[in-house]
Amino acid sequence: MLDLELLRSFVSVVEAGGFTRASERVHRTQSTVSQQIKRLEEDIGQPLLHRNGKDVTPTEAGEKLLSYARRLLSLAEEARDVVARPAEEGAIRLGIPEDFAAYRLAKLLAAFARSHPTLRLDVRADQSIYLKRDLDRGELDLALFKRVAGEKGGIAVWPERVHWVTSKHHPCDIGSGSVPLIGFPAGCLYRARAIHALESAGRSWHMAYTSSSLAGIQAAVAAGMGLSIMSEIAIQADHRVLTGREGFKPIEKTEVALMASPNASPATLRLADRLAEFCDEVQAKAA
């Protein structure tokens, strides 16, 4: 019989591409995860992973096992939920940044809600500063938000790629004059980073367009009303990324963090696992 805990660690290592991030996802130490993989390889009778420094990829046998492992884990979770599910599972209050809400995250959340029909999912898209505040206040159960790199805490953390963008067809004049900025209202991490970068470079600036909607910001940039900084997932075909040669280097030292309340329910932690897998995929595609 295959041990489900060993299979869970194996799937996490493959999906995360290494032992360190996998250990965070399964809430085990790195050495424990490594031992679990060794035990699974002994049970199977052959190597399942190629180890090249910190990079880990499945062997041919590992690729064959992977699909079965995912199906077994999914079936086990379904069986546990059906047997143990109370008449009403309660609610999960989730906060997400607006650029993630406009991405493919809605499909993941809809699928999760369908698989938990007695659970109420309450999702709010907002600025990260408010999501973190409400999580600390106990007004959210789970939050995915942007923050300054290096802050403590979180189920998982991903470095973020943020760029200066202008209109592809109607680029702004970015000479020596005041730089027209487009962004969210005051309190937005991106807005603060943009202003800091310009002032550090000795450039003057003014807010040309402020919106609480990502769609509004994207449209204003495309129309040529000014410059903005955006994460890679928010950059559209009618935008152009500005380069360091033009005096606009990528914005550094920001990250995406996933955090849960201290008394998070089992259903909340399962949703956190789904969100971590989603962010791992986004990170891998952007690499």
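Refer to the structure above for everything that follows.
Below, the structure is looked at part by part. (Residues numbered from 1 in each chain as written. Predicted model: local features only at pLDDT ≥ 70, side-chain atom pairs only at ≥ 80, totals over all residues. Heavy atoms only, no water.)

### Considerations on the overall build of the protein chain
For step 1, the next point in the chain: For the protein chain, the count of helices and strands is 10 helices and 12 strands.
For step 2, the next point in the chain: By principal-axis analysis of the C-alpha atoms, the protein chain measures approximately 70 × 45 × 30 Å.
For step 3, the next point in the chain: When burial is assessed residue by residue, the protein chain has 43% of its 287 residues classed as buried.
For step 4, the next point in the chain: Here the contacts in the protein chain between residues at least 6 apart in sequence split such that 76% fall between residues at least 24 apart.
For step 5, the next point in the chain: On the protein chain, roughly 15,000 Å² of surface is accessible, and the fraction owed to carbon and sulfur atoms is 53%.
For step 6, the next point in the chain: Of note, the protein chain has its 37 positive side-chain charges centred 2 Å away from the centre of its 36 negative side-chain charges. (Helix = DSSP H or I, 4+ residues; strand = E, 2+ residues; numbered from the N terminus. Buried < 20%, exposed > 50% of the residue type's maximum accessible area, 1.4 Å probe, protein only. Contact = heavy atoms within 4.5 Å. Areas by Shrake-Rupley, 256 points an atom, 1.4 Å probe, with all protein chains shown as cover. Lys, Arg positive; Asp, Glu negative; His and termini not counted. Charge placed at Lys NZ, Arg CZ, Asp CG, Glu CD.)

### A few points about the state of the cysteines
As used here, a disulfide is simply a covalent bond connecting the sulfur atoms of two cysteines.
For step 1, the next point in the chain: For the structure on display, the rule yields 0 disulfides.
For step 2, the next point in the chain: The structure places no disulfide on Cys172, whose sulfur is separated from the nearest cysteine sulfur, that of Cys188, by 18 Å.
For step 3, the next point in the chain: The class of Cys172 is buried, set by a relative accessible area of 15%.
For step 4, the next point in the chain: The structure places no disulfide on Cys279, whose sulfur is separated from the nearest cysteine sulfur, that of Cys188, by 18 Å.
For step 5, the next point in the chain: On the basis of relative accessible area, Cys279 is assigned to the buried category, the value being 4%. (Disulfide = S-S within 2.5 Å.)

### Quick word on the sheet that holds strand β10 (residues 228-231)
Consider a sheet: its strands pair through backbone hydrogen bonds, and that pairing is either parallel or antiparallel.
For step 1, the next point in the chain: One open sheet holds the 3 strands; their spatial order is β10-β7-β11, and the pairing between them is antiparallel. Looking at the sheet topology across the chains shown, the edges are occupied by β10 and β11 (239-241). Each strand axis lies, on average, 50 degrees off the axis of its neighbour in the sheet, ignoring direction.
For step 2, the next point in the chain: Where strand β7 (residues 162-167) lies against β10, 4 bridges are found, and the strand directions are antiparallel. Looking at the pairing, His163 lines up with Met230 of β10.
For step 3, the next point in the chain: Packed onto the sheet, helix α8 (residues 189-200) meets β7 and β10 and runs at close to 130 degrees relative to β10.
For step 4, the next point in the chain: Sheet strands in contact with helix α9 (residues 214-223) are β7, β10 and β11, and its direction is about 125 degrees off that of β10. (Pairing = 2+ DSSP bridges. Axes fitted to C-alpha atoms, helices over the stretch in contact; angles between N-to-C directions.)

### Topic: helix α1 (residues 4-16)
For step 1, the next point in the chain: Here α1 spans 18 Å end to end across 13 residues, near enough to the 18 Å set by a 1.5 Å rise per residue.
For step 2, the next point in the chain: Buried within α1 are the following residues: Leu6, Leu7, Ser9, Phe10, Val11, Ser12, Val13, Val14 and Ala16.
For step 3, the next point in the chain: Between the side-chain oxygen at the start of α1 and the backbone nitrogen of Glu5 there is a gap of 2.8 Å, and the oxygen is on Asp3.
For step 4, the next point in the chain: A positive backbone phi angle near 75 degrees is found at Gly17, which sits one or two residues after α1. (Expected span 1.5 Å × (residues − 1). Polar contact = N/O pair within 3.5 Å; in protein donor to acceptor, adjacent residues only side chain to side chain.)

### Describing the pairing of strand β2 (residues 55-58)
For a regular strand, the rule is simple: side chains alternate between the two faces of the sheet.
For step 1, the next point in the chain: Note: strand β1 (residues 49-52) against β2, 4 bridges, orientation antiparallel. Pairing of His50 across the sheet is with Thr57, part of β2.
For step 2, the next point in the chain: Counted between consecutive antiparallel strands, the loop separating β1 from β2 contains 2 residues, among which Gly53 sits at a positive phi close to 65 degrees.

### Quick look at a nonpolar patch on the surface
For step 1, the next point in the chain: On the surface, a cluster of nonpolar side chains totalling about 400 Å² of accessible area is made up of Leu2, Leu4, Ile44, Tyr68 and Leu72.
For step 2, the next point in the chain: Structurally, the position occupied by Leu2 is in the segment before α1.
For step 3, the next point in the chain: For Leu2, a relative accessible area of 36% corresponds to the partly exposed category. (Patch = residues over 30% accessible without salt bridge, like charges linked within 9 Å, V, L, I, M, F, W, Y side chains within 5 Å. Salt bridge = Lys/Arg side-chain N within 4 Å of Asp/Glu carboxyl O.)

### Quick look at the packing of α1 against helix α3 (residues 30-44)
For step 1, the next point in the chain: Put simply, α1 and α3 touch, their axes get as near as 9 Å, and they point 110 degrees apart. Of the possible angle classes, the one that applies to α1 and α3 is roughly perpendicular. Relative to α3, α1 is oriented so that their crossing is left-handed. Along its contact with α1, which presents Glu5, Leu6, Leu7, Ser9, Phe10 and Val13, the element α3 presents Val33, Gln36, Ile37, Arg39, Leu40 and Asp43. (Parallel < 35°, antiparallel > 145°, perpendicular 65-115°, else oblique. Left-handed = near helix turned anticlockwise from the far one by under 90°.)

### Structural notes on the pattern of salt bridges
For step 1, the next point in the chain: According to the stated counting rule, one finds 18 salt bridges in the structure shown.
For step 2, the next point in the chain: With a shortest N-O distance of 2.8 Å, Arg8 and Glu5 are connected by a salt bridge. Here Arg8 pairs with Glu5, and both are found in helix α1, just 3 residues apart, close to one helical turn.
For step 3, the next point in the chain: Note on Arg8: relative accessible area 31%, which makes it partly exposed.

### What to know about the packing of aromatic side chains
A ring pair, where both rings are aromatic, is described by two values, the distance of the centres and the angle of the planes.
For step 1, the next point in the chain: One pass over the full model with this rule turns up 1 aromatic pair.
For step 2, the next point in the chain: Note on Trp164 and Phe248: the rings are 5.2 Å apart at their centroids and 65 degrees apart in plane angle, and the pair reads as edge-to-face. Of the two residues, Trp164 sits in strand β7 while Phe248 sits in the loop between β11 and β12 (254-260), which places them 84 residues apart along the sequence. Summarising the burial analysis for this pair, Trp164 and Phe248 share the class buried. (Phe/Tyr/Trp six-rings, centres within 6.5 Å; stacked < 30°, edge-to-face > 60°.)

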